[in-house]
Amino acid sequence: MSVESPVPLTPSLPSPLDPREITSPEQIAAQLSLLARREADLTLALNALVSDRAAVDGALAHLRDLGAEVDELVGEVDGSRDGAGAGLGPALGVASKGLGMQGASADEEDAVGLVERVSRVWETSERVGGKVRRLDDEIGRVREATDVVTEVLELKNALQTLASSIEKSDWETAARACRRAMSVRPEVLEGGFAGQVVPTPQSPLPPPQQLEDLRNSLLDTFRTEFDAAAARKDQQEVSRYFRLWPGIGAEHEGLEAYGDFVVGLVKARTTSAGKPSSPLYYIANLTSLLESIAHIIDQHQPVVDKYYGAGKMRAVVGRLVGESDRVVRNLVEGWEEERRVGRLISATNQSRFALLANPALLPPLYASLVNHASTLSLASLANTSAAALPNPLSALQSYARPGQAATPAPPAAAEPDPGPDPRDVDRVLGELVALGGRWALFRRFVWGRLTDEDAKQGEDDMEIVEQSESQKAIENLLRTYYEPLELWFLRTSIEKAHRLDAPETSTRPHLSSILDDTFYLLKLVLARVLSAGSLPTLRGMREKVVRIVEDDYMGVLQRKMEAVYAGAMPGDRAEKERKERDQKSAFIIYLNDLDVSADYVDRLLDETRASLPQVWVDADLASVRDELDILGDLSGRFRSACRSGLEQLFNQLTRPRLRPLLDECYKDVSYVLDEDAFADAEEHDAVRKRFARAWDGVVDGYKDALTEHNYQTFFSMTVETLVRPWEKMVMGMRFTELGAIRYERDVRAVANLLSAQASYGGAREKFTRLQQIATVLNMDAEEDPEDFYSNSGIPWRLSKNEYNALVQQRQ
């Protein structure tokens, strides 16, 4: 609650001056007036303070209450509540009456007494606390001594039990006693007290040496008995001693002995019977080795994990892989010597693939297309053995259409092939893939066993397989022999397929045998590469196979297409017509082969992704799919090559006929019409009828002969090329109002005709500019052309100059 000040507010006064600085009577009068004013203010303030007696009495009463409370607190501390309270009250009373400090000496005496009492209490507590702490330390030392004595007695008991159990051959009890002795703390075991208490006249050695000697005796005995049980093939005794090693902290020794045992089991396996010349000899031996190792891992891993802990099987697997390194190395060396693959590689390196290097020497699809200037060369180069192709009659049944059959090529005279027999190469490739696949399957099994719990740790553990000599030997086998032989087999088979290529005009669309033969080979090669289970081999083969397909299949088809129209035309009219017909058919067949090849690539890869061989570890699957995706880029390259071929066909046969088509349609046609001429034009409908007849002549036969995708592209090319000169022709014509109506109906009729023939759509879009021309020509006379162009909402394809020119064409 605010209290108004009793001092009245005064106007601002001059500041006081030092009397020595006053120099005029006016200043003297002002300073006197200032002093009088200040005196009056002080008088009023003192009178107001003295008159407010109630506030002063209230403050004094509050101080007395506080004094009483302080007396009570002092009494509680000193134990003399009454005396303190009696002494403090008067002091406060004096102080309140005189507003002075007359009672200060009594307060100081009380404060000094309080400090002394607190000091005495603190000293007492320190003496008591120190004794308690010393007692706790003594109790701790007693407990520690008791523990040491207990451990020493336990150590002595364990060592005595260990020695007696060894004498009695009670190995389980001995192992338990050894574990008890080893559990004693090192400072106790090596301490002086144990050195005085534990030794006995029978065992005078220090405790650490006693324990070490007895443990070594146990280890030697366990190893001797374990080896003896393994030699007797006593599984029960083997398991007995195998379980004892972890109990005495000898996991490494136990796993080493167990590794020797399982390696002995692998060495004692029965090898496959048969002669090394047998196609299955080396495959069967490698399979037997890896199956026996996998069987051991499968049976023994639970035992090892139970008694030695998870992850300890890695050491045993390492020993088994080490044994496989020795056997695999011998198998690979024997296989190389028995199959004489070095000579096979040398023979394949001598192949030149003359027909692939010079496709002009290949026989054409039709006899009428033979270039007689090179007949002699064809006769000498093309008549090679038909046995070079595994299935020359288009063996890819899964890719053939229903009812589709390859047309057999005419028999050719057999001549010795300069390279090896592809059937021998195919057998060697089968063995190589089987060897690689067996190892990849074993690798996948080990991966699954070592990566169940910790994937990262499993990847580190897999180094025992990835860095093994067996892995390196198999990878070297695939890189040195499989890759060059597989590539040679693919190239020589594609070359043979080109030489035996024959048209299949009985099917719709028209194709040739090279398509199915090539993709049968690609499917075979891709299946073998994936079955080998080697990621480096897959990467290397993917790059090389793509290059072979582009050069030896797609590239050769493109060069054969270019050669279709390269020869001179015969003089005889019948032969000329026959050759033109065969040229068109051959070109269309090659285009269809390229287009269907793109579909086959997508289909082949989809089927492959859905059924990958079960030899890949999970960590490699993403990389395998990436390689297949890169291989899928072939589809786009086939499409691009097909587009180029279609443009060549269009420019060769169709483009020259489109300009005469328009001239024929607009022969004697004018859009400067009156009512009679308009009625006559409506009745005859000349443009639509002429266009329909001429168009059928241009595209006749293409729809049945071309694939659907090729025909769509060809149709779009033709329509697009047709409308461009049509637009230019219309821009040079004159129109009446009725003529503009007739023109719009002609354009709409042609657009409807072509749209009906193109089920996939897109034909009507090509007529957008022609239809916008009709819109401008039929604009109302009252319509402002500038406003119509700007505000009609039509997305104009016509430029502003073209629009203005059309406006001027109206009559």
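Everything that follows concerns the structure shown earlier in this document.
Draft legend 1. Structural detail: the overall build of the protein chain. Helix and strand counts for the protein chain come out as 32 helices and 2 strands. Sorting the 811 residues of the protein chain into buried and exposed places 41% on the buried side. Taking as baseline every contact in the protein chain between residues at least 6 positions apart, the subset at least 24 positions apart corresponds to 76%. For the protein chain, the accessible area works out to roughly 43,500 Å², and carbon and sulfur atoms hold 52% of it.

Draft legend 2. Up close: the pattern of salt bridges. Under the counting rule described, the total for this entry stands at 43 salt bridges. When the shortest N-O distance is used, the salt bridge between Asp 552 and Arg 491 registers 2.6 Å. Note that Asp 552 is positioned in helix α21 (residues 535-564) and Arg 491 in helix α19 (residues 469-499), a separation of 61 residues in sequence. Of the residues examined, Asp 552 reaches a relative accessible area of 5% and is grouped as buried. We note a salt bridge from Glu 802 to Arg 769, for which the minimum N-O separation is 3.1 Å. Here Arg 769 lies in helix α30 (residues 768-777) and Glu 802 lies in helix α32 (residues 800-809), a separation of 33 residues in the sequence. The class of Arg 769 is partly exposed, set by a relative accessible area of 22%.

Draft legend 3. Broad picture of the packing of aromatic side chains. Throughout the structure, instances matching the rule amount to 31 aromatic pairs. Arranged with centres 6.4 Å apart and planes meeting at 90 degrees, the rings of Trp 171 and Phe 222 form a pair that is edge-to-face. Of this pair, Trp 171 sits in helix α5 (residues 171-182) while Phe 222 sits in helix α8 (residues 207-232), and the two are 51 residues apart along the sequence. Phe 222 shares its class with Trp 171; the two are buried. On the basis of an interplanar angle of 65 degrees and a centroid distance of 5.3 Å, the ring pair of Phe 226 and Trp 245 is categorised as edge-to-face. Residue Phe 226 is located in helix α8, and its partner Trp 245 is located in the loop between α9 (235-244) and α10 (251-267); the two are separated by 19 residues in the primary sequence. Of the two residues examined, Phe 226 and Trp 245, each falls in the buried class. Each residue in the set Tyr 666, Tyr 671, Phe 691, Trp 695, Tyr 711, Phe 715, Trp 726, Phe 735, Tyr 743 and Phe 767 is aromatic and connected to the rest through ring pairs, giving one cluster. Of note, Lys 800 hangs over the ring of Tyr 789, and the distance from its end group to the ring centre comes to 5.4 Å.

Draft legend 4. Representation of α5 within the structure. With 12 residues, α5 ought to run about 16 Å at 1.5 Å a step, and its terminal C-alpha atoms sit 16 Å apart, in line with that. Within the sequence span of α5, burial applies to Trp 171, Ala 174, Ala 175, Ala 177, Cys 178 and Ala 181. Down the axis of α5, the buried set is contained in an arc of 165 degrees. They therefore lie on one face.

Draft legend 5. Geometry of the environment of Glu 575. If you trace the backbone, Glu 575 turns up in helix α22 (residues 573-610). Sequence spacing of Glu 575 and Ser 368 is 207 residues, and the spatial spacing of their C-alpha atoms is 8.1 Å.

Draft legend 6. Local environment of α10. If you check α10, its first and last C-alpha atoms are 24 Å apart, about what 17 residues at 1.5 Å a residue would give, namely 24 Å. All of the buried residues in α10 are Gly 254, Leu 255, Ala 257, Tyr 258, Gly 259, Phe 261, Val 262, Val 263 and Val 266. For α10, the secondary structure elements touched by its buried residues are α8, α9, α11 (281-308) and α12 (313-339).

Draft legend 7. Geometry of empty space enclosed by the protein. Tallied over the entire structure, the rule returns 4 cavities of 30 Å³ or more. For the largest cavity, the calculated volume is near 190 Å³. Mapped onto the lining of the largest cavity, the elements with two or more residues apiece are α20 (513-532), α21, α22 and α23 (618-631). In terms of residue class, the lining of the largest cavity is built from 15 nonpolar, no polar and 2 charged. Put simply, the second largest cavity is a space of about 70 Å³. It is α12 that contributes the most residues to the lining of the second largest cavity, 4 residues altogether. Grouping the amino acids of the lining of the second largest cavity by side-chain chemistry returns 9 nonpolar, no polar and no charged.

Draft legend 8. Spatial organisation of the nonpolar core. One finds Phe 638, Trp 726, Tyr 743 and Phe 767 to be the most contacted residues of the largest nonpolar core, which totals 197 residues. The residues contacting Tyr 743, other than those within four sequence positions of it, are Tyr 666, Tyr 671, Val 730, Phe 735, Leu 770, Ile 773, Ala 774 and Leu 777.

Draft legend 9. Main features of a negative patch on the surface. On the surface, a cluster of negative charge is made up of Asp 674, Glu 675, Asp 676, Asp 680 and Glu 683. In this structure, Asp 676 sits in helix α25 (residues 675-684).

Draft legend 10. Structural view of the packing of helix α24 (residues 633-665) against helix α28 (residues 708-731). Contact pair α24 / α28: the axes reach a minimum separation of 9 Å and the direction vectors enclose 40 degrees. On the basis of the axis angle, α24 is oblique to α28. Read as a crossing pair, α24 and α28 show a hand that is right-handed. Contact with α24, carried on its side by Arg 639, Cys 642, Arg 643, Leu 646, Glu 647, Phe 650, Thr 654, Arg 655, Leu 658, Arg 659, Leu 661 and Leu 662, involves His 709, Asn 710, Thr 713, Phe 714, Met 717, Thr 718, Thr 721, Leu 722, Pro 725 and Trp 726 of α28 and no other residues of that element. In the contact of α24 with α28, the residues fall into 11 nonpolar, 6 polar and 5 charged.

Draft legend 11. Local environment of the packing of α10 against α11. At a minimum axis distance of 11 Å, the contact between α10 and α11 shows a crossing angle of 155 degrees. Between α10 and α11, the interaxial angle falls into the category roughly antiparallel. In this structure, the crossing between α10 and α11 has a hand that is right-handed. Together, Glu 251, Gly 254, Leu 255, Tyr 258, Phe 261, Val 262, Leu 265 and Val 266 of α10 and Leu 289, Ser 292, Ile 293, Ile 296, His 300, Val 304 and Tyr 308 of α11 make up the contact between the two elements. Here the contact of α10 with α11 is built from residues that sort into 11 nonpolar, 3 polar and 1 charged.

Draft legend 12. Inspection of the environment of Ala 294 at higher detail. Inspection of the secondary structure puts Ala 294 in helix α11. Distance from Ala 294 to Arg 443, taken between C-alpha atoms, is 9.9 Å for residues 149 residues apart in sequence. Filtering out sequence-adjacent residues up to four positions away, Ala 294 remains in contact with Phe 442 and Phe 445.

About the criteria used
- Residues numbered from 1 in each chain as written.
- Predicted model: local features only at pLDDT ≥ 70, side-chain atom pairs only at ≥ 80, totals over all residues.
- Heavy atoms only, no water.
- Helix = DSSP H or I, 4+ residues; strand = E, 2+ residues; numbered from the N terminus.
- Buried < 20%, exposed > 50% of the residue type's maximum accessible area, 1.4 Å probe, protein only.
- Contact = heavy atoms within 4.5 Å.
- Areas by Shrake-Rupley, 256 points an atom, 1.4 Å probe, with all protein chains shown as cover.
- Salt bridge = Lys/Arg side-chain N within 4 Å of Asp/Glu carboxyl O.
- Phe/Tyr/Trp six-rings, centres within 6.5 Å; stacked < 30°, edge-to-face > 60°.
- Lys NZ or Arg CZ within 6 Å of the ring centre and 35° of its normal.
- Expected span 1.5 Å × (residues − 1).
- Arc of directions from axis to C-beta.
- 1 Å grid on protein atoms, 1.4 Å probe; cavity = no way out; pocket = protein on both sides within 12 Å on 5 of 7 lines; lining within 4 Å.
- Points joined across faces, edges and corners; volume = space filled by probe spheres on them.
- Nonpolar A, V, L, I, M, F, W, Y, C, P; charged D, E, K, R; others polar.
- Core = buried A, V, L, I, M, F, W, Y, C linked by side-chain atoms within 4.5 Å.
- Patch = residues over 30% accessible without salt bridge, like charges linked within 9 Å, V, L, I, M, F, W, Y side chains within 5 Å.
- Lys, Arg positive; Asp, Glu negative; His and termini not counted.
- Charge placed at Lys NZ, Arg CZ, Asp CG, Glu CD.
- Axes fitted to C-alpha atoms, helices over the stretch in contact; angles between N-to-C directions.
- Parallel < 35°, antiparallel > 145°, perpendicular 65-115°, else oblique.
- Left-handed = near helix turned anticlockwise from the far one by under 90°.

Purely geometric numbers; function is a separate question.
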